[in-house]
Amino acid sequence: MLRFLTAGESHGQALLGILEGVPAGLPISAQEINIQLRRRQAGYGRGPRMKIEADEVEILSGVRWGRSLGSPIALLIRNRDWPNWAQGMSPSGAHSGSIPAITRPRPGHAGLPGVLKYAQEDIRNVLERSSARETAMRVALGAVARKLLGTFGIKVGSFVLSIGGAAMELSQQALAEPQALERLSEEAEASEVRCPDREASERMKARIDQARAEGDSLGGQFLVFALGLPPGLGSHVHHDRRLDGRLAQAVMSVQAIKAVEVGLGTELAHRKGSESMDEILYEPHRGFFRRSNRMGGLEGGMTNGMPLILRASMKPIPTLKKPLRSVELRGKEAVEAAYERSDVCAVEAASVVAEAMVCLTLAEAFLEKFGGDSLKETERNYHAYLQTVREA
């Protein structure tokens, strides 16, 4: 079983992560993890925090001489802004009251339900952990899972489809073509908004500029894909083993994500069955294959060998320079919601975080299927299975 935990607050000393279940012998380097951390920090609508933090990972355990040991892998990312918060976020009671309590909840944020659930009087006790700062560690852990998948030729990528209503056009045929998806992902890396369409990118940037000037924020939609997946990851047998459900939960767990679709998603609700399914074909040198990918590479809770396609929709960030109406926790009087420095738009970053969550979920399903305490054992199991599939 592959599982992970993260710990840490937005303005605490550091973020911590533990990843258990990685087979022994996997090459792992801090440099490769840092590449993914830098991707998360990029984006046209990001806020001042990105100028403070330059995330770098420290590998604390589970790796020796560049390879995993089979024991839990522990990672650490220090928060560079910690010196400015050493009193305000101190674990010691000696600094209690050093900064004012936050008592004006933001609509759309975890603040109000969090203080009600945990019986808190200061919303900071909720927002510090609910902050998307936590996703930096998810990206770091996801980089390890990405390395494991890459060993078996599996690639995970993403690109932004829309921001603030400005959208690119995407052909349905591209969803079935690995080379087209790879190209779109590579082109997205050169865009400030992670969109492979240059004209759409400029429209997105203009929407972000307008929202910034108006003290507002924007959401959007992105696509995450995985290539090279063998058929049969996941299962139809039990609800909690269905891979589509697990992937939807993983991506939905990313802060501000409000919808996840597989393949053509909600569009399928408006089509006839004959216009929705992917016909099955067979050639001796190729085996079973499809020419379309409306199902997004998943059927019956299992991968079917086609590219995995997920679309996720992100709401606008709830922190606004022109705050919405709220209610003061103590006196219950009408007030404006609290404001802290924030992004205008973080759809670009969310797409990178979603990649990490997809990597972690697919790696878990991959190890469930092929097992192995060492990478060599996993490789033997994997290649034996592929041979069986080819002969089917």
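This section reports on the structure supplied with the text. (Residues numbered from 1 in each chain as written. Predicted model: local features only at pLDDT ≥ 70, side-chain atom pairs only at ≥ 80, totals over all residues. Heavy atoms only, no water.)

### Description of the pattern of salt bridges
Summed over all chains, the structure comprises 22 salt bridges. Of the charged contacts in the structure, one is a salt bridge between E182 and K155, with a shortest N-O distance of 3.0 Å. Of the two residues, E182 sits in helix α6 (residues 178-188) while K155 sits in strand β7 (residues 155-163), which places them 27 residues apart along the sequence. With a relative accessible area of 25%, E182 lands in the partly exposed category. Where E192 meets K205, a salt bridge forms, and the shortest distance between an N and an O atom there is 2.7 Å. Of the two residues, E192 is situated in the loop between α6 and α7 (198-213) and K205 in helix α7; the sequence distance between them amounts to 13 residues. Under the relative-accessibility criterion, K205 is labelled buried at 15%. If you follow the salt bridges from partner to partner, you end up with R39, R146, E189, R194 and E355 in one network. (Salt bridge = Lys/Arg side-chain N within 4 Å of Asp/Glu carboxyl O. Helix = DSSP H or I, 4+ residues; strand = E, 2+ residues; numbered from the N terminus. Buried < 20%, exposed > 50% of the residue type's maximum accessible area, 1.4 Å probe, protein only.)

### Section: the pairing of strand β9 (residues 220-227)
Taken across its eight residues, β9 has eight buried, putting it largely inside the fold. Alternating positions in β9 separate into two faces, G220, F222, V224 and A226 on one and Q221, L223, F225 and L227 on the other, with burial throughout. Relative to β9, β7 runs antiparallel, the two being bridged by eight bridges. The residue of β9 that forms the bridge with K155 is L227. Where β9 and strand β15 (residues 308-314) come together, seven bridges link them in antiparallel fashion. The partner of G220 across the bridge, within β15, is M314. (Pairing = 2+ DSSP bridges.)

### Examining the side chain of D122
Within the secondary structure layout, D122 lies in the loop between α3 (111-118) and α4 (124-130). For the buried D122, no salt bridge is present, and the opposite-charge side chain at shortest range is R124, 5.4 Å distant. A polar atom in the side chain of D122 sits 3.0 Å from the backbone nitrogen of R124. Excluding anything up to four places from it in sequence, D122 contacts A101, I102 and V115. (Lys, Arg positive; Asp, Glu negative; His and termini not counted. Polar contact = N/O pair within 3.5 Å; in protein donor to acceptor, adjacent residues only side chain to side chain. Contact = heavy atoms within 4.5 Å.)

### Concerning the state of the cysteines
Across all of its chains, the model carries zero disulfides by this definition. Of all cysteine sulfurs, the one in C345 lies closest to C195, which takes part in no disulfide; the gap is 12 Å. (Disulfide = S-S within 2.5 Å.)

### Structural notes on α3
For α3, every residue scored as buried is listed here: G111, G114 and V115. The arc enclosing the buried residues of α3, seen along the axis, measures out at 95 degrees, which places them on a common side. Residues of α3 that are exposed and angled more than 90 degrees away from the buried face: L116 and K117. Looking at the buried positions of α3, the neighbouring elements they touch are α4. (Arc of directions from axis to C-beta.)

### Re the sheet that holds β9
The sheet built from five strands is open, its strands ordered β8-β7-β9-β15-β10 with antiparallel pairing. In this open sheet, the two edge strands, each paired with only one partner strand, are β8 (166-167) and β10 (257-262). Packed on one face of the sheet, α6 meets β7, β9 and β15 and runs near 65 degrees to β7. Of the strands in this sheet, β7, β9, β10 and β15 touch helix α9 (residues 347-370), which is tilted by about 150 degrees from β7. (Axes fitted to C-alpha atoms, helices over the stretch in contact; angles between N-to-C directions.)

### Thoughts on the environment of T6
In this structure, T6 sits in strand β1 (residues 3-7). Given the relative accessible area of 16%, T6 is considered buried. Of note is the side chain of T6, whose polar atom sits 2.8 Å from the side chain of R129. Among the polar contacts listed, one links the side chain of T6 to the side chain of E134, at a separation of 3.0 Å.

### What about the packing of helix α5 (residues 135-151) against α9?
Where α5 meets α9, the closest approach of the two axes is 7 Å, and the angle between their N-to-C directions is 45 degrees. The angle between the axes of α5 and α9 places the two elements in the oblique class. Two packed elements cross with a definite hand, and for α5 against α9 that hand is left-handed. For the pair α5 and α9, contact is made by T135, R138, V139, L141, G142, A145, R146, L148 and L149 and by V352, V353, E355, A356, M357, C359, L360, L362, A363, F366 and L367, respectively. A breakdown of the residues in the contact of α5 with α9 according to their chemical character gives 15 nonpolar, two polar and three charged. (Parallel < 35°, antiparallel > 145°, perpendicular 65-115°, else oblique. Left-handed = near helix turned anticlockwise from the far one by under 90°. Nonpolar A, V, L, I, M, F, W, Y, C, P; charged D, E, K, R; others polar.)

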